[in-house]
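Results of the structural survey
One-letter residues, chain by chain:
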Amino acid sequence: MRLSTGTIFIIGFLSGMDVSFSVGSVMEKRIRLQGNNTGPVADLTDAAKAMTNHKIKPILDTTFAMDQAQAAYAHVAEGGHFGKVAIRIP
């Protein structure tokens, strides 16, 4: 049996704080849930303005379509990328 591993990073709570999922699936696939409170939207707005004002642009390694999400994660797992790996959401 091949085990999966991975991390689900939880950012924000746009649809509420209550979630329902099978704990057995998380344990079986060795998934790690990582929560993060990124701060208020005003901080993100300020950061975006600072990036624009100072012409700071993130380095983008590769962009994948949503139906290529598995390939995107494989690309990250290979570890050879330089910069961000993005998944385009339609």
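Scoring rules and cut-offs
Residues numbered from 1 in each chain as written. Predicted model: local features only at pLDDT ≥ 70, side-chain atom pairs only at ≥ 80, totals over all residues. Heavy atoms only, no water. pLDDT = per-residue confidence, 0-100. Helix = DSSP H or I, 4+ residues; strand = E, 2+ residues; numbered from the N terminus. Buried < 20%, exposed > 50% of the residue type's maximum accessible area, 1.4 Å probe, protein only. Patch = residues over 30% accessible without salt bridge, like charges linked within 9 Å, V, L, I, M, F, W, Y side chains within 5 Å. Areas by Shrake-Rupley, 256 points an atom, 1.4 Å probe, with all protein chains shown as cover. Salt bridge = Lys/Arg side-chain N within 4 Å of Asp/Glu carboxyl O.

1. Notes on the confidence of the model for the protein chain
- The share of residues in the protein chain with pLDDT of 70 or more is 92%, and the mean pLDDT across the chain is 85.
- Strand S3 (residues 60-65) holds the highest mean pLDDT among the elements of the protein chain, 96, whereas strand S1 (residues 6-11) holds the lowest, 76.

2. As for the environment of Thr-63
- Here Thr-63 shows up in strand S3.
- Among the residues examined, Thr-63 registers a relative accessible area of 35% and is labelled partly exposed.

3. A closer look at unusual backbone geometry
- Not every positive phi belongs to a glycine, and Lys-55 is a case in point at roughly 55°.
- Checked against the element boundaries, Lys-55 lands in the loop between helix H2 (41-53) and S3.
- Judged by relative accessible area, which is 72%, Lys-55 ranks as exposed.

4. Here we look at a nonpolar patch on the surface
- The grouping of Ile-8, Ile-10, Val-19, Phe-21, Val-23, Met-27 and Leu-33 at the surface amounts to a nonpolar patch, some 690 Å² of accessible area in total.
- Relative to the elements of secondary structure, Leu-33 occurs in strand S2 (residues 31-36).

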